[in-house]
Amino acid sequence: MPTQNTTRRLRPQLISEDVNSWHGLQTIATYETTRADASATNLQQAYQAMLTQQQAETEKLALYRAAADAARLAEWEFHNAVLAMKEVVRGQYGLDSDQAQAVGLKKKSEYKRPSRKKLVAS
């Protein structure tokens, strides 16, 4: 049997097939084995552990999504507040002021004036 890569998730279809196999095994009243990892008790414990961990993952994923949404909204609120502050600085101190430059705006005098292009005669 090849080495299993447990760092990747199993396909949902494969898990579904495993669950169906487990439910099918429960209909076999005479199932007995000497392998501890294949015993009905071990299968029941593994199934319950899987369900518990899947539920915990789903709950944490919901919390993560809520936190990500809250952070995204806070980022937008901060960004909009900074944009409003820059407009106020522009209006209060002018487009060519040191204060405008201090908040990250480019001074009007720093912009390069467009130059005329010479027409090349053909």
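Up top is the structure.
A brief look at the structure comes next. (Residues numbered from 1 in each chain as written. Predicted model: local features only at pLDDT ≥ 70, side-chain atom pairs only at ≥ 80, totals over all residues. Heavy atoms only, no water.)

### What to know about the pattern of salt bridges
When their charged atoms lie close together, side chains carrying opposite charge are able to pair.
Then, number 1: Using the criterion set out here, one finds 4 salt bridges in the structure.
Then, number 2: Here Glu-57 and Arg-9 are joined by a salt bridge, their closest N and O atoms 2.8 Å apart. Here the residue Glu-57 occupies a position in helix α2 (residues 40-93), and Arg-9 occupies one in the segment before α1 (12-25), the gap between them amounting to 48 residues. (Salt bridge = Lys/Arg side-chain N within 4 Å of Asp/Glu carboxyl O. Helix = DSSP H or I, 4+ residues; strand = E, 2+ residues; numbered from the N terminus.)

### Some points on the environment of Asp-96
Then, number 1: Residue position: Asp-96 is located in the loop between α2 and α3 (98-102).
Then, number 2: Given the relative accessible area of 43%, Asp-96 is considered partly exposed.
Then, number 3: For the pair Asp-96 and Ala-40, spaced 56 residues apart in sequence, the C-alpha to C-alpha distance is 79 Å.
Then, number 4: In terms of polar contacts, Asp-96 uses its side chain to reach the backbone amide nitrogen of Lys-108, at 3.4 Å.
Then, number 5: Within the structure, Asp-96 has its side chain in polar contact with the side chain of Ser-109 (distance 2.8 Å). (Buried < 20%, exposed > 50% of the residue type's maximum accessible area, 1.4 Å probe, protein only. Polar contact = N/O pair within 3.5 Å; in protein donor to acceptor, adjacent residues only side chain to side chain.)

### Quick word on the environment of Ala-40
Then, number 1: Its location among the elements puts Ala-40 in helix α2.
Then, number 2: Separated by 33 residues in sequence, Ala-40 and Leu-73 place their C-alpha atoms 49 Å apart.
Then, number 3: Those residues within four positions of Ala-40 in sequence are excluded, and the remaining contacts are Trp-22 and Tyr-31. (Contact = heavy atoms within 4.5 Å.)

### Let's talk about the packing of aromatic side chains
Then, number 1: Taken as a whole and judged by the stated rule, the model has 1 aromatic pair.
Then, number 2: With a centroid separation of 6.4 Å and 40° between ring planes, the pair formed by Trp-22 and Tyr-47 is classed as tilted. Of the two residues, Trp-22 is situated in helix α1 and Tyr-47 in helix α2; the sequence distance between them amounts to 25 residues. (Phe/Tyr/Trp six-rings, centres within 6.5 Å; stacked < 30°, edge-to-face > 60°.)

### Some details on the side chain of Lys-107
Then, number 1: Inspection of the secondary structure assignment puts Lys-107 in the segment after α3.
Then, number 2: Exposure remark for Lys-107: the relative accessible area of 15% places this residue in the buried category.
Then, number 3: Not counting residues up to four positions away in its chain, the partners in contact with Lys-107 are Leu-95, Asp-96, Ser-97, Asp-98 and Gln-101.

### A closer look at α1
Then, number 1: Taking 1.5 Å of rise per residue, the 14 residues of α1 would be expected to cover 20 Å, and the 20 Å separating its terminal C-alpha atoms lies within 8% of that figure.
Then, number 2: Listed as buried for α1 are Val-19, Trp-22 and Leu-25. Taken around the axis of α1, the buried residues stretch over an arc of 120°, which confines them to a single face. Summarising the geometry of α1, the exposed residues directed more than 90 degrees from the buried face are Gln-13, Asn-20 and Ser-21.
Then, number 3: If you follow the buried residues of α1, they end up packed against α2. (Expected span 1.5 Å × (residues − 1). Arc of directions from axis to C-beta.)

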